[in-house]
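# Coordinate inspection notes
Each chain is listed here by its residues.
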Amino acid sequence: MSGPGSGLLSRVLNRGFRRYVRRFIGSNFNAARVTGVEHLLSLGEGPVLIYVNHPGWWDPMSAVLVTDLLMSERQFAAPMDADALKRYPILERLGFFGVSRDSTAGAREFLRTARIVLQDSRTALWMTPTGRFHDVRQALPFQPGLAHLVDSDFAGMVLPVALEYPFWNERRPELLVACGPPVNCSQLSADRESRTRQLEAALLEVQTHLRDLAIARDPRSFRLLLDGQGGIGGWYGLWRRLSFWRRGQKFADRHEERSDD
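Residues numbered from 1 in each chain as written. Predicted model: local features only at pLDDT ≥ 70, side-chain atom pairs only at ≥ 80, totals over all residues. Heavy atoms only, no water.

### Let's talk about the packing of aromatic side chains
Applicable threshold: Whether two aromatic rings pair depends on their centres lying within 6.5 Å, for rings of Phe, Tyr and Trp, where Trp uses its six-membered ring; planes under 30 degrees apart make the pair stacked, over 60 edge-to-face, and the rest tilted. Helical segments are the DSSP runs of H or I of at least four residues, strand segments are the runs of E of at least two, and each set is numbered from the N terminus. Three exposure classes are used, based on accessible area relative to the maximum for each residue type with a 1.4 Å probe and protein chains only: buried under 20%, partly exposed in between, and exposed over 50%.
A complete count under the given rule lists eleven aromatic pairs for this structure. Their ring planes at 75° and their centres at 6.4 Å tell us that F24 and W57 sit as a pair that is edge-to-face. Linking F24 in helix α1 (residues 8-28) with W57 in the loop between β2 (48-52) and α3 (59-70), this pair joins segments that are 33 residues apart in sequence. On the accessibility criterion, F24 (24% relative accessible area) is partly exposed. Residue W57 is classed as exposed on the basis of its relative accessible area of 55%. Among the aromatic residues, those joined into a cluster by ring pairs are F17, Y20, F24, F29, W57, W58 and Y165.

Below you can see the structure in the form of structure tokens.
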């Protein structure tokens, strides 16, 4: 069985989808910013399992963007509700695979498919181990799937990543990403419950770090991943543009000058 997103047509669709995601995020956010890039660069070869908090609808798009711009050589993969995937079957060619929630059979199928996907050394498998949306700064217990995957037979790398979408000084929000240090799987407990607690603690540490950076509102703490759309727009934006033109000044659409360009 080949993993999700394999084949020539899937690769072509993936390239197109990644371009679409860049445009879509760029039109809905002031900027996408990332910190902890050095942890991504230290992953080396082999499959990567990235687990994230689950603050909102934008999470899959954020995962695709990070994969596209920082891990372009990797194949994106992520589980998705099986009923939703049936309504959008093309997503299977983009790396998504179906998961039947709230059933033992669905959990077994998720583990089977995820293990097949992770056999490909080019894979970046993203998952949200809490299994449901929750407040960006709230710590929730994980479902057991992640600890089942990261067992003694797992030969890849595990990376905790936190996401947040705060409003700072512009009309559109910021997309903030924080990558934590890779988890040393050899130091994880053999006991599955204890292993889950260790993985929860690693993600909570990254979430706390991102919370502090989001509160500080300093773009210099991040690397600019994607420049989006700022400013007011509409008639007020047009009036400001004309005012700058009359004074012979270069128009600045955003409220504050960019310090991270």
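There is more to say, and it comes next.
### Overview of the layout of surface pockets
Defined as follows: A pocket, in this scheme, is an open set of points on a 1 Å grid over the protein atoms alone with protein on both sides within 12 Å along at least 5 of 7 lines, while a cavity is a set where a 1.4 Å probe fits but cannot get out; residues line either one if an atom lies within 4 Å of a point. Grid points are joined across faces, edges and corners, and a volume is the space filled by probe spheres set on the points.
Here the largest pocket defines a volume of roughly 1,200 Å³. Looking at the largest pocket, it is lined by 44 residues, and the ones nearest its centre are P79, M80, D81, R101 and T128. Sorting the residues of the lining of the largest pocket by element identifies α3, β3 (75-81), α4 (82-87), β4 (96-99), α5 (104-117), β5 (123-127) and α6 (145-149) as the ones contributing at least two each. Considering each element in turn, the lining of the largest pocket owes the most residues, six residues, to α5.

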